[in-house]
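# Results of the structural survey
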Amino acid sequence: MQRDMTLNGFRTVAALLLAPLAIACAGDAGEEAESGGEGEHEAPAAAEAAGTPEGVITDLREMTFADELAVDLDAMEETESGLFIQVLQEGSGPPAGYGDEMGVHYTVWLPNGSKVDSSHDHDPPEPLDMILGSTALIDGWVEGVTGMRMGERRKLVLPYHLAYGTEGRPPIPAYSPLVFEVELAEHIPTGEG
């Protein structure tokens with residue numbers, strides 16, 4: 001799994017998942033803490049206090065998801081942050097933790113069913129390489145893949161504040177939740193997590 005940790009060879013969401021400027025991929029962990037990772041997006045209460053634009057639905061339970069996404073929030077575990085997780089296929093081996101090298105296949109959709117990107121559609125179809133807790137990724141992705149076991153597949157529904165927040169990042173609009181299906185394809189535990 002010692003592939004190049006740059007954006008080369010990755011498409012839309014690989015670049016979208018990585019924090020702006022791909023700071024961790026450049027190897028500067030000090031700047032990562034300032035520019036990416038946890039706390040990058042407004043918390044829901046802060047966004048609500050700032051005023052949500054009229055017509056924007058911020059409560060995932062009030063949102064309509066495209067039928068083909070098969071999102072059933074009642075069948076999913078909701079975390080304290082508001083992330084929804086559903087295990088679609090159990091994995092085996094140790095759970096992924098901080099510092100582990102991982103290769104994760106993913107597909108991501110907007111709530112209306114529009115596919116934004118999939119690692120399976122790339123040429124060649126390779127998983128996104130990451131080091132959990134070091135690679136600067138959106139908060140919901142990091143939380144959603146933590147604890148996965150080799151071969152495990154999960155569905156993740158990220159509220160906007162764990163994705164691209166009140167600003168969005170084209171082609172993802174502002175205040176947009178995201179629906180992911182992720183699979184842990186490669187895992188090298190470090191023993192740190």
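Since this is a predicted model, take the numbers as computed values, not measurements. Every chain's residues receive numbers from 1 upward, in the order its sequence appears when written. At least 70 in pLDDT is required for a residue's local features to be given in this predicted model, at least 80 for side-chain atom pairs to be given and counted, and no such filter applies to totals for whole chains, interfaces and linings, which use all residues. The side-chain values count all of the structure's non-hydrogen atoms but skip hydrogen atoms and water molecules.

### Thoughts on the nonpolar core
- The set of buried Ala, Val, Leu, Ile, Met, Phe, Trp, Tyr and Cys residues whose side-chain atoms join them within 4.5 Å is what this entry labels a nonpolar core. Only protein chains enter the accessibility calculation, which uses a 1.4 Å probe; a residue whose area is less than 20% of its type maximum is buried, one above 50% is exposed, and one in between is partly exposed. One finds Trp141, Val145, Leu178, Phe180 and Val182 to be the most contacted residues of the largest nonpolar core, which totals 27 residues.
- Breaking this core down by element, the ones donating at least two residues are β3 (101-109), β5 (128-131), α4 (139-145), β6 (153-158) and β7 (178-188). Elements are defined by DSSP. Helices are runs of H or I of four residues or more, strands are runs of E of two residues or more, and each kind is numbered from the N terminus.

### Considering the layout of surface pockets
- A pocket, in this scheme, is an open set of points on a 1 Å grid over the protein atoms alone with protein on both sides within 12 Å along at least 5 of 7 lines, while a cavity is a set where a 1.4 Å probe fits but cannot get out; residues line either one if an atom lies within 4 Å of a point. Grid points are joined across faces, edges and corners, and a volume is the space filled by probe spheres set on the points. Empty space within the second largest pocket amounts to approximately 170 Å³.
- Considering the residues around the second largest pocket, the lining is formed by twelve residues, among which Thr58, Asp59, Leu60, Pro159 and His161 are closest to the centre.
- Each residue is assigned to one class: nonpolar for Ala, Val, Leu, Ile, Met, Phe, Trp, Tyr, Cys and Pro, charged for Asp, Glu, Lys and Arg, and polar for all the others, Gly among them. Tallied by class, residues from the lining of the second largest pocket come to five nonpolar, four polar and three charged.

### Thoughts on the pattern of salt bridges
- Counted as salt bridges are all cases of a side-chain nitrogen of Lys or Arg within 4 Å of a carboxyl oxygen of Asp or Glu. Counted according to the given criterion, the structure contains five salt bridges.
- With a shortest N-O distance of 3.0 Å, Asp74 and Arg61 are connected by a salt bridge. Linking Asp74 in the loop between α3 (44-50) and β1 (77-78) with Arg61 in the loop between α3 and β1, this pair joins segments that are 13 residues apart in sequence.
- The exposed category is assigned to Asp74, whose relative accessible area is 67%.
- The partner of Arg61 in a salt bridge is Glu78, and the shortest N-O contact between them spans 3.7 Å. Taken together, the positions of Arg61 in the loop between α3 and β1 and Glu78 in strand β1 put the pair 17 residues apart, joining distant regions of the chain.
- On the basis of relative accessibility, which here comes to 47%, the residue Arg61 falls in the partly exposed class.
- Taken together, the shared-partner salt bridges connect Arg61, Asp74 and Glu78 into one network.

### Digging into the side chain of His122
- Position of His122 among the secondary structure elements: in the loop between β4 (115-118) and β5.
- A relative accessible area of 5% places His122 in the buried class.
- The definition of a polar contact used here is a pair of N or O atoms within 3.5 Å, where within protein one atom must be able to donate a hydrogen and the other to accept one, and adjacent residues in sequence count solely through side-chain atom pairs. Reaching out from His122, the side chain makes a polar contact with the side chain of Asp117 at a distance of 3.2 Å.

### Comments concerning the environment of Gly147
- Locating Gly147 in the fold gives a position in the loop between α4 and β6.
- When the C-alpha positions of Gly147 and Pro95 are compared, they lie 4.5 Å apart, and in sequence the two are 52 residues distant.

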